[in-house]
Structures are given as structure tokens and as C-alpha cells.
Amino acid sequence: MASCCAKKVPEREKQVMVVGVDDSEYSTYALEWTLDHLITPSPTPIFKLVVVFAKPSVTSAVGIIGPGAPEVFPMVEADIKRTAARVTEQAKQLCINKSVNDAIVEVVEGDPRNVLCEAVEKHHASVLVVGSHGYGAIKRAVLGSVSDYCAHHAHCTVMIVKKPKTKH
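The model shown is predicted, which means the values in this text are computed figures rather than measured ones.

Enquirer: Explanation requested: the nonpolar core in the structure shown.
Expert: Most often, soluble globular proteins keep nonpolar side chains buried together rather than apart. With 20 residues, the main nonpolar core has Leu-31, Leu-35 and Leu-49 as its most contacted residues. For this core, the elements supplying multiple residues, two or more each, are strand 1 (15-21), helix 1 (25-39), strand 2 (47-55), helix 3 (69-97) and strand 4 (127-132). Ranked by the residues each element gives to this core, the list is headed by helix 3, at five residues. Not counting residues up to four positions away in its chain, the partners in contact with Leu-31 are Val-19, Val-21, Leu-49, Val-51, Ala-91 and Leu-94. Of all hydrophobic cores here, the second largest spans 16 residues; its members include Val-18, Leu-116, Ala-119 and Cys-156.

Enquirer: Mind showing me how you'd approach the side chain of Ser-57 here?
Expert: Assignment of secondary structure puts Ser-57 in the loop between strand 2 and helix 2 (58-62). Residue Ser-57 is classed as buried on the basis of its relative accessible area of 18%. Not counting chain neighbours up to four residues away, the residues in contact with Ser-57 comprise Ile-80 and Glu-109.

Enquirer: Mind showing me how you'd approach the sheet that holds strand 1 here?
Expert: A sheet is described by the order of its strands in space; here five strands give the open sequence 3-2-1-4-5, paired in parallel fashion. With one partner strand each, in any of the chains shown, strand 3 (104-109) and strand 5 (157-162) form the two edges of the open sheet. Across this sheet, the average inter-strand angle for adjacent strands is 25°, counted without regard to direction. On the sheet, helix 1 packs against strand 1, strand 2, strand 4 and strand 5 and is oriented at approximately 155° with respect to strand 1.

Enquirer: Looking at this structure, how should I read the pairing of strand 2?
Expert: Moving residue by residue along a regular strand, the side chains alternate between the two faces of the sheet. Along strand 2, eight of the nine residues are buried, which leaves the element largely enclosed by surrounding structure. When strand 1 meets strand 2, the two strands line up parallel, connected through seven bridges. The partner of Gly-20 across the bridge, within strand 2, is Val-52. Crossover strand 1 to strand 2 through helix 1 is right-handed. Pairing geometry for strand 2 and strand 3, over six bridges, is parallel. What sits directly across from Lys-55, in strand 3, is Glu-109.

Enquirer: Before we go on, may I ask you to explain the environment of Asp-102 in this structure?
Expert: Its place among the elements puts Asp-102 in the loop between helix 3 and strand 3. Along the sequence, Asp-102 and Val-50 sit 52 residues apart, while their C-alpha atoms lie 9.1 Å from each other.

Enquirer: Help me understand empty space enclosed by the protein, please; the structure alone is not making it clear to me.
Expert: Over the atoms, a rolled probe matching the size of one water molecule traces out where space is still vacant. One pass over the full model with this rule turns up one cavity of 30 Å³ or more. In this structure, the largest cavity spans a volume of roughly 40 Å³. Lining the largest cavity are Val-21, Asp-22, Ser-27, Thr-28, Leu-31, Val-87, Gln-90, Ala-91 and Leu-94. For the lining of the largest cavity, the element with the highest residue contribution is helix 3, accounting for four residues. A per-class count over the lining of the largest cavity returns five nonpolar, three polar and one charged.

Enquirer: I would appreciate a short explanation of the environment of Ala-54 in the present structure.
Expert: Along the chain, the position of Ala-54 falls in strand 2. Sequence spacing of Ala-54 and Gly-110 is 56 residues, and the spatial spacing of their C-alpha atoms is 5.9 Å. Every residue in contact with Ala-54, bar those within four places of it in the chain, is listed here: Val-21, Val-108, Gly-110, Asp-111, Pro-112 and Val-115.

Enquirer: How should helix 4 (residues 112-123) be read in this particular structure?
Expert: Since there are 3.6 residues in each turn of an α-helix, residues three or four apart along the chain are aligned in direction. Look at helix 4: 16 Å from first C-alpha to last across twelve residues, which is about the 16 Å you get at 1.5 Å a residue. The inward-facing, buried residues of helix 4 abut strand 1, strand 2, strand 3, strand 4 and helix 6 (146-153). One or two positions beyond helix 4, positive phi appears at His-124, with a value near 55°.

Analysis parameters
- Residues numbered from 1 in each chain as written.
- Predicted model: local features only at pLDDT ≥ 70, side-chain atom pairs only at ≥ 80, totals over all residues.
- Heavy atoms only, no water.
- Core = buried A, V, L, I, M, F, W, Y, C linked by side-chain atoms within 4.5 Å.
- Buried < 20%, exposed > 50% of the residue type's maximum accessible area, 1.4 Å probe, protein only.
- Helix = DSSP H or I, 4+ residues; strand = E, 2+ residues; numbered from the N terminus.
- Contact = heavy atoms within 4.5 Å.
- Pairing = 2+ DSSP bridges.
- Axes fitted to C-alpha atoms, helices over the stretch in contact; angles between N-to-C directions.
- Right-handed = clockwise from strand over helix to strand, strands pointing away.
- 1 Å grid on protein atoms, 1.4 Å probe; cavity = no way out; pocket = protein on both sides within 12 Å on 5 of 7 lines; lining within 4 Å.
- Points joined across faces, edges and corners; volume = space filled by probe spheres on them.
- Nonpolar A, V, L, I, M, F, W, Y, C, P; charged D, E, K, R; others polar.
- Expected span 1.5 Å × (residues − 1).

Take a look at the structure:
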């Protein structure tokens, strides 16, 4: 006896992949690599793509506040907004060029390490992709490495994409 009211099986929800971008060639390469190898090869990709740009606060960008700082704030803030717009527009264009029209692009103020780990939690991401600047141990220790931090603190798989060195 056939059922007249067969239940519709819900479509499997896509996993979420967060890609961190900044204004470096390394993050651009990581996004391009991700689009080429993990998102667009399949006609039905298993990942929903979320691209996140961590926008520094004006006070963190200015650093030590001294006399004259209030006059500098509006210029720094305008520069940060221009950078965020340029980087996110470039990310959107890369996605469109690879036929990924449903990518979510977010700008979140804060330290990139915290912003990316929080984005993983917010979107329940199963993968976080970050580019590597290729710093040595000393520079990494002094500057802090976003990829190292995320590898230890993000609650998902973290993929660090390194741009190949150019051969001379």
C-alpha cells in the first residue's frame, strides 16, 4: 500500500567554510585557492562560503594616543573604511568570477584572531581558511600570528594556505 502523503526529505544543509581576508596578497591567494580547489570544482558544493574581514578599530590603528590624536581619528577612520570596502569588493568579485554568487561577506571590527574565531562560532563553521604571511619564528613571536592563534583556538578544522615562493 503506497502512502499518499510521503514526507519530503530535507535537503542536506551545507557545511560552512569561513575564509579570513585582509589587505594582503596572502589572503587574496588563500581565497582564490579555496575557490579553485574547494568551492567551485563541484556543481553542488558542500560548503556555504563566508568571507570575513576584521576591521581594526581607530584606536588600535592609531596606537598611542597623544596630543593631536583627535584630529587624526577621522582621517584614520576614513582610511580604514576605504580599505574594508576595497578588500570586501575584491573578495566579492573573486567569488563572482568563480561563479560563487551566494557567498556572504562580512566586515567585523576587532582583532583578526578574535574576529575569525568568533565567526566560526557564529556560523557554526566546520572549516576556517586563513592565509599565511610566511613570517619566520621571530617575526611571528613579535607580531603575533593570526593563523597560529586560530589553529589553537578555533573550534573547527583550520587550513592555512601558503602562497608558493616565486622561483628566480
